[in-house]
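Working through the structure, step by step
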Amino acid sequence: MSQNNLVNGECAPLNPENFNKVIDGKQVGLFLLKNGNLTAAITNYGGRIVSLCAPDKNGQKADVVLGFKSIDDYLKATAVYQGAIIGREVGRIAKGIFEMDGKSYSLPINNGADHLHGGLNGFHNQVWEVKSVTASSIVLSYVSVDGEMGYPGNLKVEATYTLTSNNDLTLKFSATTDKTTPVNLTNHAFFNLEGEGNGSILDHILTIPANYFCKVNSDKIKTGELIKTAGTPFDFRKGKPIGRDIILETSDEQLKIARGYDQSYVLKKKHSNKLVLAATVVDPKSGRKLEVSTTNLGVHFFSANFFKGTDVGKMGKPFNFRESFALEVQDYNSPNQKSFPTLILKPGEKYETYTVYHFSNLK
């Protein structure tokens, strides 16, 4: 597989040699994928999407995913989830405590008084095994051992990234366990459809076809209550610029807690293999359009409210406040909300989710 396209001016100045590093005795590398109009770079450090190049309405390509130019930059970054696989549990678990089958489990605290995104040494900070790689696809695997970050059971996880000739990036997760355990995986890519470091995303037009979102308390922990999106700043059903109602963050309680958008939306109430539309985003300037479809129950929308420009990406530009967005497809539950659909995986069962990121352009 040629590495020259991406390195020599495709749209992201990446040198694969900058990703050759041994971490915890395991080899890290950069893997370049191409199919049709899309080019991607994946590293097995955290299963991260480092780069994703897509054409605009005039055929000009830009890198629409935030990432760094080297593994060393990832290791020293203040924003640690860029493009990474998150697990075993995406989101916050209050005080790092959950109960399952009458037993209490204690997880490490890494976000205030709470457990976030699988803990400090969650899946984002692990070196994944490269099972196979082709010109357009890569299969990664990881075994999370019993007790890792406090979670029970040996969990075997597989993640498959594929570029299709239909301008799709697809991501398939599968997992099995030998003990009952909670599992809720996602990818935490940050997007800017005008290109990494190319300014605010507040004029991007976002559509989320969801009638409900999850209420959070002052610690951003889900309360178990669902709020109707209608009549709130969180109503994106008909599509609107991300910045239209974010100005209400001084008066709307939920916006104020998150200092912007940082909420989980309900796409469906029951588990199924049916793909549903999670979100559509359009950049009026470039004409790029992103449609995200998933088998997950929900999607979490985050408007990069905490970036301060301290991290500098692969394009040599800082990651600034609200210059990117994340659409984390996931099941909207946490282990402590018994009224929500379960996240529990048992021995003999198989966890599977499938997500499609489809790129096109406005005519």
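Everything below is about the structure printed above this text.
Computed from a prediction, not measured in an experiment: that's the story for all the values here.

Conventions we followed
Residues numbered from 1 in each chain as written. Predicted model: local features only at pLDDT ≥ 70, side-chain atom pairs only at ≥ 80, totals over all residues. Heavy atoms only, no water. Helix = DSSP H or I, 4+ residues; strand = E, 2+ residues; numbered from the N terminus. Rg over C-alpha atoms; globule rule 2.2 N^0.38 Å. Buried < 20%, exposed > 50% of the residue type's maximum accessible area, 1.4 Å probe, protein only. Contact = heavy atoms within 4.5 Å. Areas by Shrake-Rupley, 256 points an atom, 1.4 Å probe, with all protein chains shown as cover. Lys, Arg positive; Asp, Glu negative; His and termini not counted. Charge placed at Lys NZ, Arg CZ, Asp CG, Glu CD. Pairing = 2+ DSSP bridges. Core = buried A, V, L, I, M, F, W, Y, C linked by side-chain atoms within 4.5 Å. Polar contact = N/O pair within 3.5 Å; in protein donor to acceptor, adjacent residues only side chain to side chain. Salt bridge = Lys/Arg side-chain N within 4 Å of Asp/Glu carboxyl O. Phe/Tyr/Trp six-rings, centres within 6.5 Å; stacked < 30°, edge-to-face > 60°. Lys NZ or Arg CZ within 6 Å of the ring centre and 35° of its normal. 1 Å grid on protein atoms, 1.4 Å probe; cavity = no way out; pocket = protein on both sides within 12 Å on 5 of 7 lines; lining within 4 Å. Points joined across faces, edges and corners; volume = space filled by probe spheres on them. Nonpolar A, V, L, I, M, F, W, Y, C, P; charged D, E, K, R; others polar.

A closer look at the overall build of the protein chain
Secondary structure summary: the protein chain contains three helices and 29 strands in total. Computed over its C-alpha atoms, the radius of gyration of the protein chain comes to 19 Å, within 12% of the 21 Å expected for a compact globule of 363 residues. With respect to the principal axes defined by its C-alpha atoms, the protein chain has extents near 55 × 50 × 40 Å. Burial statistics for the protein chain: of 363 residues in total, 58% are counted as buried. Across the protein chain, the fraction of contacts at a sequence separation of at least 24, relative to all contacts at a separation of at least 6, is 67%. Accessible surface computed for the protein chain: about 14400 Å², of which carbon and sulfur atoms make up 48%. Here the protein chain holds 41 positive side-chain charges and 36 negative ones, and the gap between their average locations is 3 Å.

Points about the sheet that holds strand β18 (residues 190-191)
Strand order in the open sheet formed by six strands is β18-β27-β26-β23-β20-β21, with antiparallel pairing between adjacent strands. In the strand order of this sheet, the two ends are held by β18 and β21 (222-228), each with one partner. Pairing between strand β26 (residues 298-302) and strand β27 (residues 325-330): five bridges, direction antiparallel. Bridging from a neighbouring strand, Phe-301 pairs with Leu-327 of β27.

So, the nonpolar core
One broad trend across soluble globular proteins is that nonpolar side chains are buried collectively. With 58 residues, the main nonpolar core has Leu-52, Tyr-161, Phe-191, Ile-208, Tyr-265, Phe-301 and Phe-359 as its most contacted residues. Setting aside chain neighbours within four positions, we find Phe-301 in contact with Leu-206, Ile-208, Phe-236, Ile-242, Tyr-261, Asp-262, Gln-263, Tyr-265, Phe-325, Ala-326 and Leu-327. If you look at the next biggest cluster of nonpolar residues, it comprises 25 residues, including Phe-19, Val-50, Phe-302 and Phe-307.

Description of the sheet that holds strand β13 (residues 137-144)
Pairing is antiparallel across the open sheet formed by nine strands, whose spatial order is β12-β13-β14-β15-β29-β25-β24-β19-β22. One side of each edge strand has no neighbouring strand; the edge strands of this open sheet are β12 (129-133) and β22 (240-241). Sheet topology note: the strand β19 (residues 205-207)/strand β24 (residues 276-282) ladder contains three bridges and is antiparallel. Paired with Leu-206 across the bridge in β24 is Val-281.

With respect to the environment of Ser-264
Assignment of secondary structure puts Ser-264 in strand β23 (residues 262-266). Taking the relative accessible area as the measure of exposure, Ser-264 reaches 3% and is therefore buried. The spacing of Ser-264 and Val-216 is 48 residues in sequence and 9.4 Å in space, taken between C-alpha atoms. In contact with Ser-264, other than residues within four places in its own chain, are Phe-213, Cys-214, Lys-222, Val-299, His-300, Gln-330 and Tyr-332. Within polar-contact distance, the side chain of Ser-264 engages the side chain of His-300 at 2.7 Å.

Points about unusual backbone geometry
Note the cis peptide between Gly-87 and Arg-88, where omega equals 0 degrees. Along the chain, Arg-88 falls in the loop between β7 (85-86) and β8 (92-93). In this structure, Asn-167 is a non-glycine residue whose phi angle is positive, near 65 degrees. Of note, Asn-167 is situated in the loop between β14 (155-163) and β15 (168-177). Phi angles above zero are rare outside glycine, and Ala-304 is one such case at about 50 degrees. Note on placement: Ala-304 falls in the loop between β26 and β27.

Some thoughts on the pattern of salt bridges
According to the stated counting rule, one finds 16 salt bridges in the structure shown. In this structure, Arg-237 and Asp-235 form a salt bridge, with 2.9 Å as the shortest nitrogen-oxygen distance. Of the charged contacts, one joins Lys-350 and Glu-352 as a salt bridge, the two residues approaching to 3.8 Å between their closest N and O atoms. Residue classification places Lys-350 among the exposed residues on the basis of a relative accessible area of 53%. Overall, Glu-352 belongs to the partly exposed group, its relative accessible area being 39%. A single salt-bridge network, built from bridges that share partners, covers Asp-63, Glu-196 and Lys-314.

Quick notes on the packing of aromatic side chains
Throughout the structure, instances matching the rule amount to 20 aromatic pairs. Between Phe-123 and Trp-128, the ring centres sit 5.9 Å apart and the planes meet at 85 degrees, which makes this aromatic pair edge-to-face. Side by side, Phe-123 and Trp-128 carry an identical accessibility label, which is buried. Among the aromatic side chains, those forming a connected cluster through ring pairs are Phe-213, Phe-234, Phe-236, Tyr-261, Tyr-265 and Phe-301. Its end group placed over the ring of Phe-236, Lys-240 keeps NZ or CZ at 4.6 Å from the ring centre. Here the guanidinium or amino end of Lys-269 rests over the ring plane of Tyr-212, the centre of that ring lying 5.2 Å away.

Observations concerning the layout of surface pockets
Roughly 730 Å³ of internal volume is contained in the largest pocket. Counting residues per element, the ones that place at least two in the lining of the largest pocket are β23, β26 and β27. The computed volume of the second largest pocket comes to approximately 350 Å³. Elements with a contribution of two residues or more to the lining of the second largest pocket: β28 (344-345) and β29 (351-361). Of all the elements, β29 adds the most residues to the lining of the second largest pocket, at three residues. Split into classes, the residues belonging to the lining of the second largest pocket amount to five nonpolar, seven polar and four charged.

Thoughts on the side chain of His-300
Note that His-300 resides in strand β26. Residue His-300 is classed as buried on the basis of its relative accessible area, which comes to 11%. A polar side-chain atom of His-300 sits 2.5 Å from a polar atom in the side chain of Asp-262. Apart from the residues lying within four places of it in its own chain, the contact partners of His-300 are Asp-262, Gln-263, Ser-264, Ala-326, Leu-327, Glu-328 and Gln-330.

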